[in-house]
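# Fold and geometry: a report
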Amino acid sequence: MEGMVEIRWHGRGGQGVVTASELLAEAALLEGKFFQALPEFGAERSGAPIRAYTRLGPEPIQIHYAIAEPDVLVILDPTLLDTPGLTQGLKPEGLILVNTTASPDQVRSLLGATAGAVYTLDASAIAQRAIGRPIPNVPLLGALLTLLPLVALPSLRESIQRRLQGRLSPAVVEGNLRALEEGAQAVRREQSPHNGIPSFREPSPAAVAQAAPVWSALDPGGVILRPGSSIDYETGSWRSERPVINWDRCTHCMLCWVYCPDSCFSVQGQRLVDLDYTHCKGCGICANQCPPKCIEMVPELVFQEG
Amino acid sequence: MPLNLRELSAKEDLLAPGHRLCAGCTESIVVRQVLLAIQEPVVVACATGCLEIGTSPFPFTSWRVPWIHVAFENAAAVISGVETAQRSLVRQGKLPDRPVRFLAFGGDGATYDIGLQWLSGALERGHHFTYICLNNEAYMNTGIQRSSATPRGGWTTTSPVGKVIPGKREPRKDITAIMAAHNIPYVAQATPHGWKDLMTKVRKAVAVDGPSFINVLSPCTRGWRHELDEGIELSKLAVDTCIWPLFEVESGVWKLSHRPSRKKPILEWIKSQGRFSHLLRPENQHLVEELQVEVDHDWEKLLRRCDAGGPL
Ligand SMILES: Cc1ncc(C[n+]2csc(CCOP(=O)(O)OP(=O)(O)O)c2C)c(N)n1
């Protein structure tokens with residue numbers, strides 16, 4: 001490892017995003033390297049997309065903000081692949097590692113002409129087999145180390161053992177170590193060759209500006225003057241299942257409307273007319289409560305794969 | 001406007017989407033129902049907690065009504081001040097004299113524990129406001145710590161399950177009765193499943209001349225460990241098992257709002273949520289029986305209160 005390497009992790013609450021960023025950092029600590037692991041989430045709750053950042057380097061790291069121009073992107077949830085700005089700032093020679101059943105070339109066609117080389121791993125399936133739960137973080141770490149020897153595999157094994165021992169059963173700890181090895185073996189490469197990681201460069205002014213909000217631009221007293229402005233914030237990306245209405249059977253009883261936590265059902269002239277997928281978080285309460293059972297929850301991946 | 005969903009659906013939704021509450025959270029369902037029920041202009045104060053954090057991450061707000069947040073413990077004090085200011089400004093002729101409804105929302109942590117003396121004070125001073133407790137039976141915003149609303153046997157991060165302790169050891173506090181003991185004009189318990197019951201109670205609560213209090217059971221997917229789509233279903237099961245009876249206390253007269261046709265065993269409630277899963281182990285069988293005795297006892301006590309029309 002020559003310069004500093006910056007890794008941005010994208011996943012959802014509950015997938016071990018923050019833990020992954022920390023396990024890697026702790027392995028670096030064991031090797032006497034310098035590191036940071038920073039989670040980033042706001043008021044978002046379970047199922048919401050969250051990010052985490054890991055910086056590793058041979059020298060002390062003097063910067064302390066979100067990673068805007070990563071060398072590596074690790075995507076823990078395939079339903080995040082169509083998130084706007086997902087690959088933003090990725091360095092041209094960078095690397096994208098995705099937990100998905102799809103091939104790297106399929107992911108490439110979804111992502112379009114973004115920078116970086118694409119790698120995939122069905123990490124959820126590996127974890128399901130190894131620990132009985134589809135938590136993709138550890139297999140992805142194994143894959144990452146195969147692609148980039150950021151730390152030695154034994155250091156990562158040790159950081160996993162330190163973290164899990166005593167907290168989880170020996171079988172689950174063992175399972176995680178197996179998942180790490182399997183992830184290292186099973187990663188799939190894109191056709192195009194990968195050029196390796198560039199050494200550290202100064203962050204661009206744009207990246208610095210994005211990381212630091214300007215306090216003087218805020219309204220005094222923290223007053224928010226636009227009622228209902230959260231409508232601009234799209235929570236639809238939290239969804240892993242989508243409610244689909246069978247309009248033929250809908251009786252317009254409005255129970256879905258009154259029970260929706262996210263005000264997603266639109267009504268016109270006492271009839272249900274539409275469902276707001278930009279905000280629907282896919283909780284499924286509407287489907288659960290619908291008396292004629294005319295709402296079905298369909299996995300988002302079905303729509304992504306067309 | 002009658003309480004009929006088709007009629008109500010013509011009303012503007014006063015809570016915008018795009019808030020950051022968990023998928024399947026019932027707190028926003030309760031808030032939507034409360035705001036839909038009220039026919040006059042509304043001012044809201046929120047205690048710190050999931051609702052406040054989830055609906056107001058700067059620079060966004062989900063509220064389409066005037067809304068204020070100050071701190072965790074003082075929503076009742078804050079809304080007292082707002083209500084008093086409004087009265088004063090009307091008297092000075094600076095604001096038109098028309099009915100405005102003042103609401104405070106707080107979680108069970110804010111209501112049962114840290115904000116209790118502030119709430120008690122505001123009720124005793126007689127401010128004209130409605131306090132709504134969104135009771136998810138723990139401090140959820142900070143990651144599931146026990147509160148005095150957490151039921152006995154319930155797992156939280158601060159009432160853990162281990163070899164020595166089977167979850168929380170103490171029974172929950174009967175805050176609704178404590179509120180009724182303030183002799184305020186209106187007190188009630190409700191659930192989001194019973195939307196019509198809840199909305200009827202909200203209309204009564206805001207119309208009385210003085211303070212009112214509604215305690216609404218608000219299932220929480222993270223803290224109760226249930227599936228995302230089960231919140232409404234569980235709020236019904238709570239009524240059917242008599243864990244959460246629906247009743248109201250109008251000017252000191254206790255009245256049952258709903259009597260389950262068949263009282264379901266508490267085991268059904270326990271099986272429905274991961275926070276109780278340890279109670280299903282053989283060594284905890286006796287706890288389930290004790291909890292059933294407690295629920296039966298509380299239910300009988302409530303029935304006697306309602307028959308007698310007042311507290312015993
Ligand atoms: C005086 C004070 N103590 C602690 C906190 C941290 N805090 C913020 S929200 C919260 C928990 C809120 O729990 P609850 O009132 O039950 O509402 P919920 O989030 O469950 O809806 C805590 C402990 C705080 N903001 N202020």
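This brings us to the packing of helix α5 (residues 153-164) of chain A against helix α6 (residues 170-186) of chain A. All names here are of chain A. Between α5 and α6, the shortest axis-to-axis distance is 10 Å and the interhelical angle comes to 155°. Judged by the inter-axis angle, α5 sits roughly antiparallel to α6. Considering the relative orientation of α5 and α6, their crossing is right-handed. Facing L153, L156, R157, I160, Q161 and L164 of α5, the residues of α6 in contact are V173, N176, L177, L180 and E181.

Next up on the list: helix α6 (residues 116-125) of chain B. All names here are of chain B. The complete set of buried residues in α6 reads L119, G121, A122 and L123. In this structure, the buried residues of α6 make contact with α4 (75-91), α5 (108-114), β4 (130-135), α7 (175-180) and β6 (212-217). Following α6 by one or two positions, G126 has its phi on the positive side, about 80°.

Moving on, we get to the interface of chain B and chain A. Taken together, the 43 residues of chain B in the interface contact 40 residues of chain A. Both sides together, the interface formed by chain B and chain A hides about 3600 Å², and carbon and sulfur atoms give 59% of it. The largest per-residue losses of area from chain B upon contact with chain A belong to R6, P17 and R20 of chain B, which jointly make up 19% of the total buried on that side. Applying the counting criterion to the chain B and chain A interface returns 22 residue pairs in polar contact (both at pLDDT 80 or more). Those elements that place two or more of their residues in the side of chain B that touches chain A are α1 (5-8), α2 (27-37), α3 (50-55), α8 (195-207) and α10 (231-240) of chain B. No other element matches the 5 residues that α2 of chain B contributes to the side of chain B that touches chain A. In the side of chain B that touches chain A, the residues fall into 22 nonpolar, 11 polar and 10 charged.

To continue, consider the pairing of β4 of chain B. Side chains on a regular strand alternate between the two faces of the sheet. All names here are of chain B. Among the 6 residues of β4, 6 are classified as buried, and the element is accordingly described as predominantly covered. Going residue by residue along β4, you find T130, I132 and L134 tucked away on one face and Y131, C133 and N135 tucked away on the opposite face as well. The pairing of β4 with β6 spans 6 bridges and is classified as parallel. The residue of β6 that forms the bridge with Y131 is F213.

All names here are of chain B. It is the contact of α2 with α8, at a shortest axis distance of 9 Å, that shows an interaxial angle of 50°. One way to sum up the angle between α2 and α8 is to call them oblique. Viewed along their axes, α2 and α8 form a crossing whose handedness is right-handed. Each of V30, Q33, V34, L36 and A37 in α2 lies in contact with α8, whose residues at this interface are W195, L198, M199, V202 and R203. Among the residues making up the contact of α2 with α8, the classes are represented as 8 nonpolar, 1 polar and 1 charged.

We now examine the nonpolar core. Counting 121 residues, the largest nonpolar core has W257 and F265 of chain A together with W63, F105 and W269 of chain B as its most contacted members. Other than its neighbours up to four places away in sequence, W269 of chain B contacts L217, W224, L234, L237, A238, T241, I243, R275 and F276 of chain B. Of all hydrophobic cores here, the second largest spans 41 residues; its members include I7, V17, L24 and A123 of chain A.

We now examine the domain arrangement of chain A. Residues and elements named next belong to chain A. Considered domain by domain, chain A is made up of domain 1 (5-212) and domain 2 (229-305). Across the boundary between the two partners, domain 1 contributes 13 residues, which contact 7 residues of domain 2. Roughly 760 Å² is buried in total at the junction of domain 1 and domain 2, and carbon and sulfur atoms are behind 56% of that figure. The tally of links from domain 1 across to domain 2 stands at 0 salt bridges. Taken together, the links from domain 1 to domain 2 amount to 1 residue pair in polar contact (both at pLDDT 80 or more). Class assignment for the residues of the side of domain 1 that touches domain 2 results in 6 nonpolar, 3 polar and 4 charged.

About the criteria used
- Residues numbered from 1 in each chain as written.
- Chains lettered and ligands numbered in written order.
- Predicted model: local features only at pLDDT ≥ 70, side-chain atom pairs only at ≥ 80, totals over all residues.
- Heavy atoms only, no water.
- Axes fitted to C-alpha atoms, helices over the stretch in contact; angles between N-to-C directions.
- Helix = DSSP H or I, 4+ residues; strand = E, 2+ residues; numbered from the N terminus.
- Parallel < 35°, antiparallel > 145°, perpendicular 65-115°, else oblique.
- Left-handed = near helix turned anticlockwise from the far one by under 90°.
- Contact = heavy atoms within 4.5 Å.
- Buried < 20%, exposed > 50% of the residue type's maximum accessible area, 1.4 Å probe, protein only.
- Buried area = accessible area lost by both parts, 1.4 Å probe.
- Polar contact = N/O pair within 3.5 Å; in protein donor to acceptor, adjacent residues only side chain to side chain.
- Nonpolar A, V, L, I, M, F, W, Y, C, P; charged D, E, K, R; others polar.
- Pairing = 2+ DSSP bridges.
- Core = buried A, V, L, I, M, F, W, Y, C linked by side-chain atoms within 4.5 Å.
- Domains from an automatic or database assignment.
- Salt bridge = Lys/Arg side-chain N within 4 Å of Asp/Glu carboxyl O.

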